[in-house]
Amino acid sequence: MPVPDPQPPASPLARRFAERAPARERRERHLRLGLRLAAGFLALLALAMPLFLLASARVTPDWAAHVLPLLAGSLKAALYAIVVAVPLGLGAAIWCARFAPPAWRALLKPLFELFEAVPAVVLGLIAALLLAPWLLQHVLSLLVFVALLVPLLIAIGFVWQRFAPPAWQQRCAGHEVALLLLPLLGLAAGAVAVGNALATTAWAALLQPLTPWNGLVVGVMLGLAVMPTVFSLAEDALFAVPAELALGAQALGATRWQALWRLLLPVAAPGVVAALLLGFSRALGETMIVLMASGNTPLTGISPLTGLRSIAANLALEAPQAVPGSAGYGLLLLSALLLFCICLLLNLLAEQVRGRLRRRVAGL
Amino acid sequence: MSTRDEDIGASVMPPDLLAGRDLALEARALCLEYSERRALDAVNLQVPRRQVTALIGPSGCGKSSLLRCFNRLNDEIAGCRVSGEVRVLGLDAYAPATALPELRRRVGMVFQKPNPFPQSVADNVAFGLRLAGLRSRLEIDDRVEAALRAAGLWDEVRDRLDDSALRLSAGQQQRLVIARALAVEPEVLLMDEPASMLDPISTLRFEELVVALRERYSVLLVTHNMQQAARVADYTAFMQGGRLLEFDATDRIFTNPRLRGTEDYITGRMRETRG
Amino acid sequence: MGRTVQYHRAALRRHDPGLWLAAGLVGLSLLALAAILSVLAQQALQAFAPTPVAQLRWRGDGGEQQLLAAVVTQDAHALVVRGSEWQRRGAEYRRIARADLRQIDWPADARSLRLRDGREIYLRGDSAAQAPDGSRLAAAEIVEDVASNRLGRTEATGLMLRRAWDFVSGAAQGGGVFPALVGTVVLVLLMSVLVMPLGVLLALWLHEYAGSGRGARILRAAMANLAGVPAVIYGLFGLVLFVNDIGGGLDALLQSATPRWGGGGLLWSALTLALLTLPVVVIATEEGLARVPASLRHGALALGATRAEMLWRVVLPVARPALLTALILAVARAAGEVAPLMLVGAVKYAPALPLDGEFPYLHLSRQFMHLGQSVYDLALAGGDVPRDMAQAHAAALLLLVVVVGLNAAAIVARNRLRERARELAV
Ligand SMILES: Nc1ncnc2c1ncn2[C@@H]1O[C@H](COP(=O)(O)OP(=O)(O)OP(=O)(O)O)[C@@H](O)[C@H]1O
Ligand SMILES: [Mg+2]
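Fair warning: this is a prediction, and the values are worked out from it, not measured in the lab.

Scoring rules and cut-offs
- Residues numbered from 1 in each chain as written.
- Chains lettered and ligands numbered in written order.
- Predicted model: local features only at pLDDT ≥ 70, side-chain atom pairs only at ≥ 80, totals over all residues.
- Heavy atoms only, no water.
- Helix = DSSP H or I, 4+ residues; strand = E, 2+ residues; numbered from the N terminus.
- Buried < 20%, exposed > 50% of the residue type's maximum accessible area, 1.4 Å probe, protein only.
- Contact = heavy atoms within 4.5 Å.
- Areas by Shrake-Rupley, 256 points an atom, 1.4 Å probe, with all protein chains shown as cover.
- Lys, Arg positive; Asp, Glu negative; His and termini not counted.
- Charge placed at Lys NZ, Arg CZ, Asp CG, Glu CD.
- Domains from an automatic or database assignment.
- Buried area = accessible area lost by both parts, 1.4 Å probe.
- Salt bridge = Lys/Arg side-chain N within 4 Å of Asp/Glu carboxyl O.
- Phe/Tyr/Trp six-rings, centres within 6.5 Å; stacked < 30°, edge-to-face > 60°.
- Lys NZ or Arg CZ within 6 Å of the ring centre and 35° of its normal.
- Nonpolar A, V, L, I, M, F, W, Y, C, P; charged D, E, K, R; others polar.
- Patch = residues over 30% accessible without salt bridge, like charges linked within 9 Å, V, L, I, M, F, W, Y side chains within 5 Å.
- Donors = N, O, S within 2.8 Å, 3.2 Å for Na, K, Ca; no water.
- Pairing = 2+ DSSP bridges.
- Axes fitted to C-alpha atoms, helices over the stretch in contact; angles between N-to-C directions.
- Near = heavy atom within 4 Å.
- Polar contact = N/O pair within 3.5 Å; in protein donor to acceptor, adjacent residues only side chain to side chain.
- Core = buried A, V, L, I, M, F, W, Y, C linked by side-chain atoms within 4.5 Å.
- Parallel < 35°, antiparallel > 145°, perpendicular 65-115°, else oblique.
- Left-handed = near helix turned anticlockwise from the far one by under 90°.
- Expected span 1.5 Å × (residues − 1).
- Arc of directions from axis to C-beta.

S.K.: Explanation requested: the overall build of chain A in the structure shown.
M.R.: Secondary structure summary: chain A contains 13 helices and zero strands in total. By its C-alpha atoms, chain A is 105 × 70 × 35 Å across when sized along the principal axes. With 364 residues in all, chain A has 50% of them scored as buried. Sequence separation of at least 24 residues holds for 84% of the intrachain contacts in chain A that already meet a minimum separation of 6. When the accessible area of chain A is evaluated, it comes to approximately 16700 Å², of which 72% is carbon and sulfur surface. Where the 25 positive side-chain charges of chain A centre and where its 14 negative ones centre are 3 Å apart.

Listed below in structure tokens is the structure:
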């Protein structure tokens, strides 16, 4: 086998390359080292977070009396919030992912993304100063509105599809949201009128909140704050399921709704469940809205008409004044650790469930 | 070298074909797997110096994979494992001590799709020069011009040197990346279907360019165009299903291939490219 | 295709309650959003709108009384009015039941004076301002003199704009939100300087070097979970680690008599926010790196570039919009976050700005004011409730505009980036 002849005399450029090579290699090594150090440092910091909380947390004999009402408050607030956020977020996600024309979807997705970015303190302000005094007078109206909402929507749909001229129906297909805005406003006005009319009855007295700042206010505003989270996660899950699945079902004569209900939702269920879990986790950790609108009284009853005090709000209130090393400080950290663990668990669970969705979609 | 290797080599290539020639590239019993899927199977290939060698074969037979072994770009692909021996200009490319930047500088590569950087035309060509630490504008400009001239692009871009390279046509982009590769003065050029995106006229000009490059570079050229291989290559290698089946002088392989498979492929392609 | 459309129509014609329900919920969400925004804007405007001045006569406790006063709010049952504040700001509010009201006039010659310290005085005609005890106001005290009931639309708008500008720029009484705005901006800048290099390095390591090794898996999991930790926990972590442990330790080391680093401050807040936004930066940067076509990387490497050179000269320039997106997202997140700051350094009133002309110019250990914190404090402060409430809404609107603007910029930048990546990938 022929052997290549000895190296030809190196060109000037090749010599330049050879001269630079050690310096370049050194730089490469330094970058690698720096990156590894940064990564290690951050991994350490991430692990340090729970450890620090753990190290300073303290369990005193009466810890339960301090921490449990707060935990109950957090869970209550998150529960009310999820009761508001799930119908709104899920409904919007279903419409966006399955019924909306591309133009509406292109509008709604970034709009809700922006909504998600609205600072919590702004929502808390509105909840505390405007929503709370209004709800103090109008619980009954709210109840009427919620009770009539579903029947009204279904009735509108029925009437529209039965009696509206086909030309209108075709022109408006896909723009149902715009069609519904006026009826919704009308319903709101009607509900307020009914609520005012009933304001002097015994029912109204039963539903009269004791304080303007209560679980109901928190639920409504926190629910609105969490709704975009639920929306975008659920929307992604529903949108990821191939459209052929629904079309196939429609070919067999199912309406789009039936197709969605029977076929898509089961397939996308893990994603939707993950959306719920993450929404709940976000509501648990949200501080400013609860702090400003809940009254911060550690009451444990389940009624949404009384105040509550959550772990997060309690941290914001007490941590700045707490003396390091004192028993109160230890209990604060204990409650924070509890919150941290619950949120972590919810996140891990959501991640697991989402992994299931990914595998299911990949299998289709 | 084991006798088995000799056997494979002998079955692929007539003895004495490359006798007395220096080798630019050499692969022995080269195997390559993409996450457990074998793409190259005991390939033996010898590419002579300062000659043009064409590599032909059906799509997916592993031509690009083989090319990437010679500048070790396969290292960049997750799950890709290489075994066997690769010699580049007499040195073991997969030896632990091999400095990858220097190896890759000496083995230039032109990709299947032109991939100019989103920078100006001049900056694209000067990319490798700046790596060498060249600072002087004058020297860089001279070398950029020389490289663009060698790639036959200078006249078209001489007053567009500061334009974005992405605004050039596909054919111009292809010659730009050739100029970029030439600028660092490589000794070997790996070309992966460089003419696949060119119109007939540009293709002809490209072939003239390859013939001209033969003076100074060892070229390994992948092509699906049989006429092109016949026109520009001194030697031709035929691959199929991850194996190198035949290697011979170009005129021999096109007129009188030893294997049935080679003949079928070449005649099939000939008819196809003509029709 | 035609068949699909047919099914589509057939399905539409059928009774489809779910569709309408879902659409209604979208509508409801949109209405809620619109309501929040409009209420906020309307309340914020009230902070700057001129209040009409009325001459009132009513039956009070000690017989009939009369007063020249600004009417702050009114409903079906009562008026809330504010008389001339000769003594103290916020001390002259009065609630008058409509049943007691005898007479209300809106004299055209009414004037309202605004004083340097924010008090307001109401007069009629050209009479000089004279307090009940006979003392006179110095002209230098008066910063604004408006004929409240005679303002045209353009004049009123101009007045509101001027007041809004004073509020933002710090010319208003008490500095308006200017110190809070400065605090927010300085904090966010400092946070960006801390988080960007670290986040980009981390993303580079994760995406370019770590591959799918164990270290990368652990770090990715940590990032994903850190993103889900409540913000207030970050605040507590900052309080424990930065303020109490590191800051306290520093103080002990420097033997300073008063706590300097061992209290909340700008640096600790910025570090806390940097931790909080780190997952955002890493995730957005990694996404950007993933969009850089492999062909460009291979092109650079094939020319003999080292990995560092490839990253620095080819990948990072292409991914620059992604870095910008990451920065904007981090800034938007940080600017709207209040809860952690309450624990590590934002205060209701800080005597000095964190940035001034005194060496060392940037005071890292100083406490500072923050827009979000101001919203919270103004909303819950006692005292001059009508004015504070309106100002809280104005500060909230400012915060909202800043944060939503940043987010919108991030969304636009992201879409541009996607387009560009598509172009490169052709
Ligand atoms: N990055 C990769 N990961 C996994 N498999 C790959 C990868 N690149 C190529 N392959 C597989 O290896 C085999 C050889 O591919 P290669 O690209 O080398 O073929 P080729 O001869 O260059 O084809 P073509 O003429 O179409 O360019 C193919 O089956 C291909 O699917
Ligand atoms: Mg190929």
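S.K.: Please clarify how the domain arrangement of chain C should be interpreted in this entry.
M.R.: Residues and elements named next belong to chain C. Each assigned domain of chain C is listed here: domain 1 (53-162) and domain 2 (178-425). For domain 1 versus domain 2, the distance between C-alpha centres works out to 46 Å. Of the roughly 470 Å² buried at the junction of domain 1 and domain 2 (both faces included), carbon and sulfur atoms supply 39%. Inspection of the domain 1/domain 2 interface yields three salt bridges. The salt bridge partner of arginine 387 is glutamate 85, with a shortest N-O separation of 2.9 Å.

S.K.: Would you explain the side chain of Asp192(B) in this entry?
M.R.: Residues and elements named next belong to chain B. Within the fold, aspartate 192 resides in strand E7 (residues 188-192). For the buried aspartate 192, no salt bridge is present, and the opposite-charge side chain at shortest range is arginine 68, 5.5 Å distant. Other than its neighbours up to four places away in sequence, aspartate 192 contacts Ser64, Leu67, Val110, Phe111, Gln112 and Val222.

S.K.: Would you mind going over the packing of aromatic side chains with me for this structure?
M.R.: Between two aromatic rings, the relevant description is the distance of the centres plus the angle of the planes. Applying the stated criterion to the full structure yields 12 aromatic pairs over all chains. Measuring from ring centre to ring centre gives 4.6 Å for Phe112(A) and Phe231(A), while their planes differ by 50°; the resulting arrangement is tilted. Taken together, the residues Phe112(A) in helix H3 (residues 102-117) and Phe231(A) in helix H8 (residues 215-240) connect sequence positions 119 residues apart. On the accessibility criterion, Phe231(A) (0% relative accessible area) is buried. Linked through ring pairs, Phe52(A), Phe237(C), Phe242(C), Trp261(C) and Trp268(C) together constitute an aromatic cluster. Lying over the aromatic face of Tyr209(C), Arg307(C) brings its terminal NZ or CZ to 5.8 Å of the ring centre.

S.K.: Explain the interface of chain A and chain C here, please?
M.R.: Where the parts come together, the accessible area they lose is often given as the size of the interface. Taken together, the contact pairs 95 residues of chain A with 84 residues of chain C. Among the residues of chain A in contact with chain C, Leu35(A), Met49(A) and Gln161(A) are the three that bury the most area, contributing 8% of the side total. The interface formed by chain A and chain C includes one salt bridge. Where Arg24(A) meets Glu309(C), a salt bridge forms, and the shortest distance between an N and an O atom there is 2.8 Å. Top contributing element to the side of chain A that touches chain C by residue count: helix H4 (residues 120-163) of chain A, with 18 residues. Split into classes, the residues belonging to the side of chain A that touches chain C amount to 76 nonpolar, 12 polar and seven charged.

S.K.: Looking at this structure, how should I read a nonpolar patch on the surface?
M.R.: Residue and element names in this part refer to chain A. Together, Val59, Trp63 and Leu68 give the surface a local cluster of nonpolar side chains, amounting to about 280 Å² of exposed area. Along the chain, valine 59 turns up in the loop between helix H1 (12-56) and helix H2 (63-99). Taking relative accessible area as the criterion, valine 59 reaches 57% and is therefore assigned exposed.

S.K.: Would you mind going over the coordination of the magnesium ion (ligand 2) with me for this structure?
M.R.: Where a metal carries four tetrahedral donors, each ideal angle is 109.5 degrees; where it carries six octahedral donors, the ideal angles are 90 or 180 degrees. All names here are of chain B. Taken together, Ser64 (OG) and Gln112 (OE1) make up the protein donors of the magnesium ion (ligand 2), found 1.9 to 2.7 Å from the metal. Here serine 64, found in helix H2 (residues 63-70), pairs with glutamine 112, found in the loop between strand E6 (107-110) and helix H4 (121-131); they are 48 residues apart in sequence, far enough to count as distant. Here glutamine 112 falls in the partly exposed class, since its relative accessible area comes to 34%.

S.K.: What is the right way to look at the sheet that holds strand E2 (residues 37-48) of chain B in this model?
M.R.: Strand pairing in a sheet takes place through backbone hydrogen bonds and is either antiparallel or parallel in direction. All names here are of chain B. Read across the sheet, four strands follow the order E2-E1-E4-E5 without closing on themselves; strand pairing throughout is antiparallel. Unpaired on one side and paired on the other, E2 and strand E5 (91-92) mark the two borders of the sheet. In this structure, strand E1 (residues 23-34) lies alongside strand E4 (residues 80-88), joined through eight bridges in antiparallel fashion. Among the inter-strand pairings, alanine 27 is bridged to a residue of E4, identified as valine 86. Packing of H2 onto the sheet brings it into contact with E1, E2 and E4, and relative to E1 it is tilted by some 120°.

S.K.: Sorry if this is basic, but what is going on with the site of ligand 1 here?
M.R.: Residues and elements named next belong to chain B. Of all residues adjacent to ligand 1, which total 15 residues, the nearest are Ser59, Gly60, Lys63, Ser64 and Ser65. The contact in question runs from an oxygen atom of ligand 1 to an N or O atom on the side chain of serine 64, over 2.6 Å. When the free accessible area of ligand 1 is taken as 630 Å², the share hidden by the protein chains comes to 67%. Counting only elements with at least two residues in the shell around ligand 1, the list comes to E2 and H2. No other element matches the four residues that H2 contributes to the shell around ligand 1. Along the lines of polarity and charge, the residues of the shell around ligand 1 split into four nonpolar, seven polar and four charged.

S.K.: Would you mind going over the interface of chain C and chain B with me for this structure?
M.R.: Taken together, the contact pairs 18 residues of chain C with 22 residues of chain B. With both sides pooled, the region where chain C packs onto chain B buries about 1700 Å², and carbon together with sulfur makes up 69% of that total. Ranking the residues of chain C by area buried against chain B places Ala302(C), Leu303(C) and Arg313(C) at the top, with a combined share of 36%. Here chain C and chain B share one salt bridge between them. The partner of Glu76(B) in a salt bridge is Arg307(C), with the nearest N and O atoms 2.5 Å apart. One can count three residue pairs in polar contact (both at pLDDT 80 or more) joining chain C with chain B. Looking at the side of chain C that touches chain B, the elements that each hand over two or more residues are helix H8 (294-302), helix H9 (307-318) and helix H13 (385-425) of chain C. Across the side of chain C that touches chain B, the residue classes tally to 10 nonpolar, five polar and three charged.

S.K.: What am I meant to see in the nonpolar core here?
M.R.: Most often, soluble globular proteins keep nonpolar side chains buried together rather than apart. Core analysis: the biggest nonpolar cluster contains 318 residues, and Trp95(A), Met288(A), Leu45(B), Phe70(B) and Met191(B) have the highest contact counts within it. Once residues lying within four places of it in the same chain are set aside, the contact partners of Met191(B) are Leu67(B), Val110(B), Ile178(B), Phe206(B), Val210(B), Leu213(B), Val219(B), Leu220(B), Leu221(B) and Val222(B). Counting 10 residues, the second-largest nonpolar core is a separate cluster that includes Ala54(C), Leu56(C), Ala69(C) and Val81(C).

S.K.: What exactly am I supposed to notice about the packing of helix H4 (residues 178-209) of chain C against helix H7 (residues 266-291) of chain C here?
M.R.: Helix-helix packing is characterised by the crossing angle of the two axes and by the distance between the axes. All names here are of chain C. Between H4 and H7, the shortest axis-to-axis distance is 6 Å and the interhelical angle comes to 40°. Our classification of the angle between H4 and H7 gives oblique. With respect to the hand of their crossing, H4 and H7 are arranged in right-handed fashion.

S.K.: Hey, could you run me through the pattern of salt bridges in this one?
M.R.: Residue and element names in this part refer to chain B. Under the definition given, this model contains 52 salt bridges over all chains. In this structure, the salt-bridge partner of glutamate 26 is arginine 28, at a minimum N-O distance of 3.1 Å. Judged by its relative accessible area of 8%, glutamate 26 falls in the buried class. A salt bridge links arginine 205 to glutamate 156; the nearest nitrogen and oxygen atoms lie 3.3 Å apart. With arginine 205 in helix H8 (residues 200-213) and glutamate 156 in helix H6 (residues 154-157), this residue pair connects regions lying 49 residues apart in the sequence. Residue classification places arginine 205 among the partly exposed positions, given a relative accessible area of 40%. Glutamate 156 sits in the partly exposed class, given a relative accessible area of 27%.

S.K.: Even after reading the chapter, I still don't get the sheet that holds strand E6 (residues 110-115) of chain C, so can you show me in this structure?
M.R.: Residues and elements named next belong to chain C. Taken in spatial order, the three strands of this open sheet run E7-E6-E8, and their pairing is antiparallel. The sheet terminates laterally at strand E7 (120-124) and strand E8 (142-146), the two strands that pair on one side only. Within the sheet, the average angular offset between the axes of one strand and its neighbour, ignoring direction, is 20°. Two elements, E6 and E8, share four bridges in a ladder whose sense is antiparallel. Bridge pairing links arginine 114 to glutamate 144 in E8.

S.K.: Teacher, can you tell me more about H8(B) here?
M.R.: Because each turn of an α-helix spans 3.6 residues, side chains separated by three or four positions in sequence point in the same direction. Residues and elements named next belong to chain B. Here H8 spans 20 Å end to end across 14 residues, near enough to the 20 Å set by a 1.5 Å rise per residue. Taken together, the buried positions of H8 are occupied by Ser202, Thr203, Phe206, Glu207, Leu209, Val210 and Leu213. Relative to the axis of H8, the buried residues are bounded by an arc of 160° and lie together on one face. Across from the buried face of H8, at angles greater than 90 degrees, the exposed residues are Pro200, Ile201 and Glu208. Residues of H8 that are buried in the fold lie against strand E3 (52-56), helix H5 (137-150), helix H7 (170-183), E7, strand E8 (218-222) and helix H9 (226-232).

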